[in-house]
Amino acid sequence: METRNYNPNEPMTKNEFRVIWQSIHLKVTDEYTVPPETLRVNGSTIGTLGNFSASTGKAKSKKTFNVSAIVAAALTNREVLCYSASFPEDKRKVLYIDTEQSKFHCQKVMKRILQLAELPTDADCPYLLFVAMRELSPEKRRMIIDYMLSNIDGIGLVVIDGIRDLPSTSVVTLCSPPFGNTLTMKSPADQVNQLGYL
């Protein structure tokens, strides 16, 4: 489905609405396929390709450690602590974006992930793409994330630690259909089922 960039000051045309309506209107008589289940905790599915999840909690409540275990499971496609993962071979990369921590602290998180995954901490893991964006402006972060999602093949899981530090329009766009593999809704809707987000 082709869409224009969303502008709340411009009304949607009838044709645009008709096209969108056909893709969002659910019918009890239609059959829908189960999306690939990629993340589980204690055997219960918590993540499928194309869905959004959020890890929320009070400050210093070990959210990053929890997410680290999930990422470690995704990197190895096996169980880590109580989390297990099964990503398709062509979606094995994890893009971990941190907008809050220094490079020093981000590297500590990266090493913890690798340790949990029982991977070497003295060599880069080709499946883990970890970026530290604290020094960048919120708009520059959005632009870089947009570029990475559009141009890096094989991403199956995206973690944004500090999503509140992105421009509010990015968060709205991230969570709004038809979200493809960019933050600006430029991609076709069929890309929705190709990425997992946490």
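An account of the accompanying structure is given in this report. (Residues numbered from 1 in each chain as written. Predicted model: local features only at pLDDT ≥ 70, side-chain atom pairs only at ≥ 80, totals over all residues. Heavy atoms only, no water.)

1. Observations regarding the packing of helix α2 (residues 63-76) against helix α3 (residues 103-116)
Then comes step 1: The contact between α2 and α3 brings their axes to 8 Å, and the two run at 50°. On the basis of the axis angle, α2 is oblique to α3. In the crossing of α2 with α3, the sense of the turn from one axis to the other is right-handed. Residues Thr64, Phe65, Ser68, Ala69, Val71, Ala72 and Leu75 of α2 pack against Val109, Arg112, Ile113, Leu114 and Leu116 of α3.
Then comes step 2: When grouped by side-chain class, the residues that make up the contact of α2 with α3 number nine nonpolar, two polar and one charged. (Axes fitted to C-alpha atoms, helices over the stretch in contact; angles between N-to-C directions. Helix = DSSP H or I, 4+ residues; strand = E, 2+ residues; numbered from the N terminus. Parallel < 35°, antiparallel > 145°, perpendicular 65-115°, else oblique. Left-handed = near helix turned anticlockwise from the far one by under 90°. Contact = heavy atoms within 4.5 Å. Nonpolar A, V, L, I, M, F, W, Y, C, P; charged D, E, K, R; others polar.)

2. So, the pattern of salt bridges
Any two side chains of opposite charge can pair, on the condition that their charged atoms come close.
Then comes step 1: With the rule as written, the count across this model stands at four salt bridges.
Then comes step 2: Across the salt bridge formed by Glu118 and Arg78, the nearest N and O atoms sit 3.6 Å from each other. A residue pair is termed long-range when its members are at least 10 positions apart, and Glu118 in the loop between α3 and β6 (128-132) and Arg78 in the loop between α2 and β3 (79-80) qualify at 40 residues.
Then comes step 3: The exposure class of Arg78 is partly exposed, given its relative accessible area of 29%.
Then comes step 4: A salt bridge links Asp146 to Arg142; the nearest nitrogen and oxygen atoms lie 4.0 Å apart. Of this pair, Asp146 and Arg142 both sit in helix α4 (residues 138-151), four residues apart, roughly one helical turn. Across the pair, Arg142 and Asp146 agree in class, each one buried.
Then comes step 5: Within this structure, Glu139, Arg142 and Asp146 form a network of salt bridges that share partners. (Salt bridge = Lys/Arg side-chain N within 4 Å of Asp/Glu carboxyl O. Buried < 20%, exposed > 50% of the residue type's maximum accessible area, 1.4 Å probe, protein only.)

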